[in-house]
Structures are given as structure tokens and as C-alpha cells.
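Examination of the molecular architecture
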Amino acid sequence: MTAPTGEAAEPTSPFLRACRSLPTDRTPVWLLRQAGRYLPEYRALRERHSLLDLVRSPELAAEVSLQPVDAFGMDAAIVFSDILPPLVGMGLELEFVKGDGPRISNPIERTRDVDLLGTPPAEETMQGTLGAIALLRRELESRDVPVIGFAGAPFTLASYAIEGGSSKDFARTKAFMLSEPAAWKRLLGKLVTVQADYLLAQARAGAHALQVFDSWAGRALGREDYLRYVAPHNRELFAKVCAAGVPVIIFSLGVSAYLRDAADCGGDVVGLDWQLPLDEAWERVGFDRPVQGNLDPAALLAPWRELRFRIDDVLGRAAGRPGHVFNVGHGLVPQTPVENVRRLVAHVHERTA
Ligand code: CP3
């Protein structure tokens, strides 16, 4: 029998195979924030260009994305960008302030501000990132290294749009959510429209997989609020992004109290943060789903003996089941020693080959 037209052939790269729970000849590994300030070659570029300049230039963004792949043999390249630039196209004024993180100078304060937000197509507003993906795909095809595109989830983006920057307590976001439930729905609806379109555009540009970062919903909300104010929007986003036909990774930080509810919103691969032991988290989401994780990134600040012990612990808990992508459970910090990243990647490959 012939395969239905359009059905993708079985992938050969360990990362894409693991994303479909297929057996691999070694455990694939890539790391959240694998491109960034811990790398001297990144810091050198940042001396001459702002973060947003790097993101807006396809050539520079591709160059930064390739740095950790060339240096350490990562099994996937994540396009260098950020979750916040798509907000600019919606009408928010974004800056990255040195030492202070992202800043939005016209945050959402009233329900009217929600209605003024635009939903332009990503092909008009995110050309830099889409161009970088196309360049990366061309560059990495012969090495069989897949390219990962990404976007932020609606709650996480709404929190920046309302707080005007990073927040510890999400007080403004939650006040808006609880006081203006109808406007909250419209805001998250617009974010779903923009992010789904952006993720689909990244797949068309050549991304082999997509990751959705829901960094803050789990930090901000208890389960009941998550189910009421976030889950329906996440479900809508994942339902739309299915059409891309590539594996989608859902990464929700701090959702140990309701991991299954978060994972049930959709996506194929479940990205696990570092709070639960990998085997326990995997059992909760179901061994039939592939997982990605979940070394505490702080382990890379430890001496090699301790780091190796913790890498082996994660691998031991994965127990050679198909469908494990090795990763950290949150982004690498800028103090991470380069040598530890090199040894981590080599060790995961050696131990699992
Ligand atoms: O290598 C990669 O992982 C790709 C690049 C990437 C960046 N940001 C580049 C970046 C990715 C995947 C992100 C995602 C992102 N951005 C998230 C979700 C993941 C997470 O960490 O939970 C969030 C919440 C943001 C928002 C953001 N961007 C903040 C809060 C900050 C400032 C804090 C900080 O780490 O400096 C950024 C800036 C940022 N984005 C940097 C990088 C490399 C550092 C800025 C610099 O070079 O000056």
C-alpha cells in the first residue's frame, strides 16, 4: 500500500525521532538558552549590536543560533529570537534595558487598550526571525540538524503586556484578569491569533519543530484559575498549530501542582521543568508522550563530579525509553562555564550511544 501523499517520511535525526517516540542511536540533547550570554562569541557580537538588532537581522540571528551547534554538537538549533518581539507588531513599544530586562513603555491598563491592539500577520512583522529560520535550514540540512522555532504562550505574553516588564507577583496581570474577564478573553484571543499565525509561519519558513514557552502561568496561578483563565486559550493555540504538521513542544514552567492539566492543553512533546524527578513527571503526563528535560540549570554551576552525577540521574530516570530529549528544566544562566556545556553534551552522547 502506498503511503498517503503528504505523509512525512520517518525522520533520521535523533531529535526529531525522539519527538515521535521512535528509537534513537543516542539521546538527543539541546539546551534552553543554548545561545546567549555564557558564550564569549555571543557577548562579542552583543558589544556591537543590541538584542533587538540581532533578532531583526536574519544573518546575525542565524550566526548566533549556530554558535552552540558548531561549538558543542547540539542535536538541534533553536532560532535566536525572543518571545516578546511579536508584541511590537501588535502596537506595544518594547525595549531591552541593560541589566533590567524587557520594558514596554505603553502597557495595557484599560479594556480599551486591548481593543486597540492589532493582529498583523507574522510575515509582515517578524521577517527577521522567519529569514533566520530559512538560512538555518539551508545551513544545517546537510548535517541533519533540525531547526526549532518558538513563541510565547498567551498568559506569559499577556503578563509582559500588562506589567510592562518582568514581575514577581503578577499583581497587575491578575487584577486585570479578575476584574475584566471579558477584556482578558479578548486579549488572550488576540494573542492566540498572533502566536498561532507566527508559529505556522515559522514552520513554513522551514522550522522542523516548534516550542511554546509558557514561562509564567504556573508561577502566577493556582490550578482553578489556570483551568478557567489560561487552559482554554492554550488549547485553542495548540489546536491551531497542529496544522503545521511538525512536532510541537509545550514547555510550562512551575506547573508541578497541575502538570497533567497543563500537558493536556495540547502539543506533542512535554517540556519538563526541573522541579520533579523526570520519571515521576513522565509518569504523570503518560509514558506514551515524548518528554524533554529536565536537569536543573544550576547543576552546570557545580563541579564536574556533581554535574555528571545529576546528568546520570536524569538519564537513569529516562531509563532508555524512546521519546526522551535531554535538556535543562529552564534556561542556562549567564555564569554557566562553557566547559561544562561541552562536557554535558559529550557525556549525554557517550552514555546513551
Ligand atoms: O538560545 C535560545 O534559547 C534562544 C533564544 C531565546 C531568548 N529568549 C534570547 C534572549 C529564547 C528561547 C528566549 C525566550 C524567552 N524570553 C522567555 C521564555 C523562556 C524562559 O526563560 O522562561 C522569556 C520569559 C523571555 C523574556 C526575556 N528576554 C527576559 C525576561 C529577558 C531579560 C532577562 C535576561 O535573561 O536577560 C530577555 C532577554 C534575552 N532573550 C536574552 C537572550 C539571550 C538576554 C539579553 C542579552 O543578550 O542582553
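Details of the structure are given in the entry above.
Overview of the structure. Given the structure is predicted, the values throughout are model-derived calculations rather than measurements.

**Focus on the site of the ligand**
- The full set close to the ligand counts 24 residues, and Arg33, Tyr42, Arg46, Asp82 and Ser215 are the nearest of them.
- Serine 215 places a side-chain nitrogen or oxygen 2.6 Å from an oxygen atom of the ligand.
- Within the complex, the protein chains bury 88% of what would otherwise be the 870 Å² of accessible surface of the ligand.
- Broken down by secondary-structure element, the contributors of at least two residues to the shell around the ligand are α2 (40-48) and β3 (101-104).

**Observations regarding the pairing of strand β5 (residues 209-214)**
- Across the six residues of β5, six count as buried, placing the element largely inside the fold.
- What you see with β5 is no split at all: Ala209, Gln211 and Phe213 on one side and Leu210, Val212 and Asp214 on the other are buried throughout.
- Here strand β4 (residues 147-152) pairs with β5 via five bridges, running parallel. If you follow isoleucine 148 over to β5, its bridge partner there is alanine 209.
- Note: β5 against strand β6 (residues 248-252), five bridges, orientation parallel. Note that in β6 the partner of phenylalanine 213 across the bridge is phenylalanine 251.

The rules behind these values
- In this convention, every chain numbers its residues from 1, walking through the sequence in written order.
- Since the coordinates come from a predicted model, pLDDT governs what is reported: local features require at least 70, and pairs of side-chain atoms require 80 or more to be given and counted, while whole-chain, interface and lining totals use all residues.
- Neither water nor hydrogens contribute to the side-chain values; these are computed over all heavy atoms in the structure.
- Residues are counted as near a molecule or strand when any one of their heavy atoms sits within 4 Å of it.
- In the analysis that follows, any N or O atom pair within 3.5 Å is treated as a polar contact, provided that within protein one partner can donate a hydrogen and the other can accept it, and provided that, for residues neighboring in sequence, both atoms belong to side chains.
- Areas reported here follow the Shrake-Rupley algorithm with a probe of radius 1.4 Å; residue values treat only the protein chains shown as occluding.
- For the purposes of this entry, the term helix denotes a DSSP run of H or I that reaches at least four residues, the term strand denotes a run of E that reaches at least two, and both are numbered from the N terminus.
- The buried label goes to any residue with under 20% of its type's maximum accessible area, the exposed label to any with over 50%, and the partly exposed label to all in between, with areas taken from a 1.4 Å probe on protein chains only.
- Strand pairing requires that DSSP identify at least two bridges connecting the strands.

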